[in-house]
Amino acid sequence: MDNIENVELIVVGGGPAGLSAALAASDYGIKVVLAEEREFLGGQLIKQTHRFFGSEKEYAGTRGIDILKRLIEDVKNREDIKILASSRVLGIYEDNVVTILNNNKMKKYIPQAIILATGASEKFLAFENNDLPGVFGAGAVQTLMNVYGVLPAKKILMVGSGNIGLIVSYQLLQAGVSVAAVIEAAPKIGGYSVHASKLKRLGIPILTSHTIKKAVGNKKVEGAIICELDNNWQEIKDTEEFIECDAICLSVGLTPLIDLLKQRKVKTVYVSELGGYIPLRDENMETSIMNLFVAGDVSGIEEATAAMIEGQISGLTVAKRINKNQKEEIQRKIEEAKKELVLLRSGPVGEKIRKGLSKIGLNHGENYDESILKEEFDISYLMKTGVPSKENLESKFPKDKKIFDKGPIAISECFQKFPCDPCVKSCPFNAISENGNINNIPYVDFEKCTGCRICVSKCPGLAMFVVHKNYTETSSLITMPYEFLPRPKKGELVNVYDRDGKIICEGKVIKILDSSFQDKTAAVSVEVPKEHFLEARNFKVRYLKHE
Amino acid sequence: MSEEKIIICRCEDITLEEVREAIKNGFTTIEEIKRILRTGMGPCQGKSCGLLIAREISQITGTPIEEIELQNIRPPYGGILFKEILNNVGDKIEK
Ligand code: SF4
Ligand code: SF4
């Protein structure tokens, strides 16, 4: 069997988890073969034009596509990583032989370890006429739009309000597609509130407790019939409504891509919190088969940041096992990465993940700081509508209203506990704090804030605003993040909107910060009548139609 | 709701009606349903239909979904030509 190659590590999948795993292992001299099915590396990151949440250490605040550039450059510079692109892993056999189809040839390898980072696939939904042309998965829409520059439709109905549904809706709007509505079967929005608020400010309806019954159309989608659901997820009579659209975008969740694991007969279990059937694995990402590891979405659906850390943990664990030296150092790094993961998952939005993990015997809960687990205040209204309640807002405004008179100050409209800290890290005056835990809600210290506007462009949730109440006798100046084209011009009149997406007044563009530092999230200062300084939170350039 | 207009397996064009019919006829595992309806045998290999069928089985038979197994997956993952297998052996094969 001279045509079987012995290798140290095979990593399957060139997405964020796979790339991080390959890098971590090669940091300690492990020779890696990285197999990617497609002709390019990057996995889902190649279409993530938005900025990432998470901790700054793991690139939060950076756009997915830019994170990818860095990872790929790094991987390409490593002599120890051999990249096999357009190479599909076809089989993992019981005798540990791995077959890879590369260049029209079936190549065989015997690795000392395998890390599977094959990601996930989109879930499908059962409703009438769900095979009509124009019914897309959200991932497909994003690929068409952001990778190939093809508009998928003119008007879309988004089904599902998880982060993917919310983010893709926003990106559709950026591309000039209108979004008829986002519907969600659950009684509350699935994704982060800041993403929902972004859409809401643009006037997009988010309908919770609603589902799709039927796609309407002859040869292609011409509309959809939606209806309302009660608390038991049953249809409420006579609530059917026709929505006109030429595409229906399904964003109803992801499920781990475990085919290769099933081939190797790895033990899998159904854990709904983690997306479906997932492999059993330990804290080091090792499955029930020794030296077979997983990382990223294939081990359970989570965010890209977690995927990258899991990649590191598996890569380092392989290095520790194969590499005779530096073991202590590697172990220390593994511990650090695990701590980072625990921190990421420690807030209320991490509850689902923690619950899922505990079902496979990984008790992430033991070291939790109880105080961080609960939401700080009631955000049920926000999670139903995408609009913060009055009480929520009051909690983030200065207690002493006189502070508004001191000059421009930053207002953070971020109300949910989730792992994100670019605002904190961006402020040069240390005016924003999360009290030492990335899951805490950020608060602005109005005494320290100089109103410099840096944070406005840096918050991936577009939740930072700078408000200058007494800009003139009669007007206020509101600096808002803006990510649409065309850009407004200085002096231009724009329509100003509130958090609900309702037009409230006319405003005048006074200043635009839009250099490479802002990285395409411009900070635009708009002058509005003073009575609106607490309401004006969005604007639209007049000749641009989002509707 | 017309079950015959709801597609469960897009690759093989199998409807909810057919899947429910099969379950009622006693085919209560994903593997069995695959064998009689061809669900999951198309290019996507069950990625669209697998979970939907699991849920149907669970609902109709009352089995918790945790106890329902996915279909077996065997190598190769994805289609492959004989040529591609033979290419590797190269010169050693008599044509
Ligand atoms: S406006 Fe400037 S000083 Fe104020 S919080 Fe933002 S970054 Fe910090
Ligand atoms: S305000 Fe801070 S914590 Fe909230 S989304 Fe923005 S960057 Fe993240």
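Higher on the page you've got the structure.
This is a predicted model, so every value here is computed, not measured. (Residues numbered from 1 in each chain as written. Chains lettered and ligands numbered in written order. Predicted model: local features only at pLDDT ≥ 70, side-chain atom pairs only at ≥ 80, totals over all residues. Heavy atoms only, no water.)

(A) Summary view of the site of ligand 1. The environment of ligand 1 is made up of 13 residues, and the closest members are A:Cys427, A:Cys449, A:Cys452, A:Arg453 and A:Cys455. Partitioning the shell around ligand 1 into residue classes produces ten nonpolar, two polar and one charged. (Near = heavy atom within 4 Å. Nonpolar A, V, L, I, M, F, W, Y, C, P; charged D, E, K, R; others polar.)

(B) Molecular detail of the sheet that holds strand β14 (residues 241-244) of chain A. All names here are of chain A. One open sheet holds the three strands; their spatial order is β12-β13-β14, and the pairing between them is antiparallel. Each edge of the open sheet carries a strand with a single partner, namely β12 (210-216) and β14. On average, each strand axis in the sheet is inclined to that of its neighbour by 30 degrees, with strand direction left out of account. The sheet contact formed by β12 and strand β13 (residues 223-228) spans six bridges and is antiparallel. (Pairing = 2+ DSSP bridges. Helix = DSSP H or I, 4+ residues; strand = E, 2+ residues; numbered from the N terminus. Axes fitted to C-alpha atoms, helices over the stretch in contact; angles between N-to-C directions.)

(C) Spotlight on the pattern of salt bridges. Residue and element names in this part refer to chain A. Inspection of the entire model under this criterion finds 35 salt bridges over all chains. Across the pair Arg 88 and Glu 37 runs a salt bridge, and its minimum N-O distance is 2.7 Å. You can see Arg 88 sitting in strand β4 (residues 88-92) and its partner Glu 37 sitting in the loop between β2 (32-35) and α2 (64-76), a full 51 residues away along the chain. Of the charged contacts in the structure, one is a salt bridge between Lys 425 and Asp 421, with a shortest N-O distance of 2.9 Å. A residue is classified by how much of its surface remains accessible, and Asp 421, at 5% relative accessible area, is buried. Among the charged side chains, a network of salt bridges with common partners joins Arg 281, Glu 302, Glu 310 and Arg 345. (Salt bridge = Lys/Arg side-chain N within 4 Å of Asp/Glu carboxyl O. Buried < 20%, exposed > 50% of the residue type's maximum accessible area, 1.4 Å probe, protein only.)

(D) How the structure looks around helix α1 (residues 16-24) of chain B. Residue and element names in this part refer to chain B. Of all the positions in α1, only Leu 16, Val 19, Arg 20, Ala 22 and Ile 23 are classed as buried. Looking straight down α1, one finds its buried side chains confined to an arc of 160 degrees; they lie on one side. Packed against the buried residues of α1 are β1 (7-9), β2 (14-15), α2 (30-37) and α3 (49-61). Immediately downstream of α1, the backbone of Gly 26 shows phi near 100 degrees, a positive value. (Arc of directions from axis to C-beta. Contact = heavy atoms within 4.5 Å.)

(E) Fine view of helix α7 (residues 304-322) of chain A. In this model α7(A) runs 27 Å from its N-terminal to its C-terminal C-alpha over 19 residues, within 8% of the 27 Å that 1.5 Å per residue would give. Within α7(A), 16 of the 19 residues are buried, which leaves the element mostly enclosed by the surrounding structure. (Expected span 1.5 Å × (residues − 1).)

(F) Representation of the sheet that holds strand β15 (residues 247-250) of chain A. Residues and elements named next belong to chain A. The sheet built from five strands is open, its strands ordered β8-β15-β9-β10-β11 with parallel pairing. The strands lining the two open edges of the sheet, one partner per strand, are β8 (135-137) and β11 (206-208). If you compare each strand with its neighbour and ignore which way they point, the axes differ by 20 degrees on average. Contacts from helix α4 (residues 163-174) reach β9 (155-159) and β10 (178-184) within the one sheet, and its direction differs from that of β10 by about 170 degrees.

(G) View of the packing of aromatic side chains. Residue and element names in this part refer to chain A. Applying the stated criterion across every chain, the model contains nine aromatic pairs over all chains. Ring plane angle 75 degrees and centroid distance 5.0 Å describe the contact between Tyr 270 and Tyr 277, whose orientation is recorded as edge-to-face. For the pair Tyr 270 and Tyr 277, a shared accessibility class is recorded, and that class is buried. Judged by centre distance (6.4 Å) and plane angle (70 degrees), the rings of Phe 397 and Phe 404 are edge-to-face. Both residues of the pair, Phe 397 and Phe 404, belong to the buried class. Within the aromatic cluster, the residues linked to one another by ring pairs are Tyr 170, Tyr 482, Phe 484 and Phe 539. (Phe/Tyr/Trp six-rings, centres within 6.5 Å; stacked < 30°, edge-to-face > 60°.)

(H) Structural detail: the interface of chain B and chain A. Taken together, the contact between chain B and chain A spans 33 residues of the former and 35 residues of the latter. The junction of chain B with chain A conceals about 3000 Å² of combined surface from both sides, 58% of it contributed by carbon and sulfur atoms. Of the charged contacts, one joins B:Lys47 and A:Asp259 as a salt bridge, the two residues approaching to 3.2 Å between their closest N and O atoms. Counting across the chain B and chain A interface gives seven residue pairs in polar contact (both at pLDDT 80 or more). Listed by contribution, the elements that provide at least two residues to the side of chain B that touches chain A are β1, α3 and α4 (82-89) of chain B. Among the elements that take part in the side of chain B that touches chain A, α4(B) stands out by supplying four residues, more than any other. Partitioning the side of chain B that touches chain A into residue classes produces 16 nonpolar, eight polar and nine charged. (Buried area = accessible area lost by both parts, 1.4 Å probe. Polar contact = N/O pair within 3.5 Å; in protein donor to acceptor, adjacent residues only side chain to side chain.)

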